[in-house]
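# Structure assessment
Here's the letter readout for the chains.
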Amino acid sequence: MVKKIKNFYSQDLRIDIVPASMLAALGPQNETYCATAARGCFVVSVAQGDVHEGVYVLLTEQAFDGLLEAREFFETLCSEHPTATYFDFVTHPTGLEAVPEKQETRL
């Protein structure tokens, strides 16, 4: 479970899964992103802020060598924080689509 900043102007969370190569392309001066991109890693991050304003503070970020590990961590975070906004930049590289909410099966 991710701990939020209590006195931050927004209590909304954003959870992303992204290829490290995309982060390295956006911030080529960031040595960590470039090194993880060179290894073919994937990054899962959690930020707190307003999805509509695009103002966030990074709460946690973790790199994974494989997509399976990254996806499992991403899905765990999604289930722990069901009200968060989720973006899967692996499946939707433009980031224009948020991960759809899980549909409940009703019998």
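These lines cover the structure that appears in this document, whether it is placed above or below.

## Looking at the sheet that holds strand β2 (residues 42-50)
An order of β3-β2-β1-β4 is seen for the 4 strands of this open sheet, with the pairing classed as mixed. Each end of this open sheet is capped by a strand with a single partner; those strands are β3 (55-64) and β4 (85-88). This sheet shows a mean twist of 15° between the axes of neighbouring strands, independent of strand direction. Pairing of β2 with β3, which is carried by 9 bridges, proceeds in the antiparallel orientation. Paired with V44 across the two strands is Q62, which belongs to β3. Seen against the sheet, helix α3 (residues 67-80) touches β1 (13-19), β2, β3 and β4 and runs at an angle of roughly 170° to β1.

## With respect to the pattern of salt bridges
Tallying each qualifying case throughout the model produces 3 salt bridges. When the shortest N-O distance is used, the salt bridge between D65 and R39 registers 3.4 Å. One end of the pair, D65, is in the loop between β3 and α3; the other, R39, is in the loop between α2 (31-38) and β2, and 26 residues separate them in sequence. Neither residue differs from the other here; D65 and R39 are each classed as exposed. For R71, the salt bridge goes to D88, with nearest N and O atoms at 2.6 Å. Of this pair, R71 sits in helix α3 while D88 sits in strand β4, and the two are 17 residues apart along the sequence. According to the relative accessible area criterion, D88 is buried, its value standing at 6%.

## Here we look at the nonpolar core
I15, V44, V46, A70, F74, L77 and Y86 are the most contacted members of the largest nonpolar core, which has 14 residues in total. Considering each element in turn, this core owes the most residues, 4 residues, to α3. When residues no more than four places from it in sequence are discounted, the contact partners of V44 are D16, I17, T60, E61, Q62, F64, A70, F73, F74 and L77. Core analysis: the next-biggest nonpolar cluster, separate from the first, contains 9 residues, V18, L23, C41 and F89 among them.

The rules behind the values
Residues numbered from 1 in each chain as written. Predicted model: local features only at pLDDT ≥ 70, side-chain atom pairs only at ≥ 80, totals over all residues. Heavy atoms only, no water. Pairing = 2+ DSSP bridges. Helix = DSSP H or I, 4+ residues; strand = E, 2+ residues; numbered from the N terminus. Axes fitted to C-alpha atoms, helices over the stretch in contact; angles between N-to-C directions. Contact = heavy atoms within 4.5 Å. Salt bridge = Lys/Arg side-chain N within 4 Å of Asp/Glu carboxyl O. Buried < 20%, exposed > 50% of the residue type's maximum accessible area, 1.4 Å probe, protein only. Core = buried A, V, L, I, M, F, W, Y, C linked by side-chain atoms within 4.5 Å.

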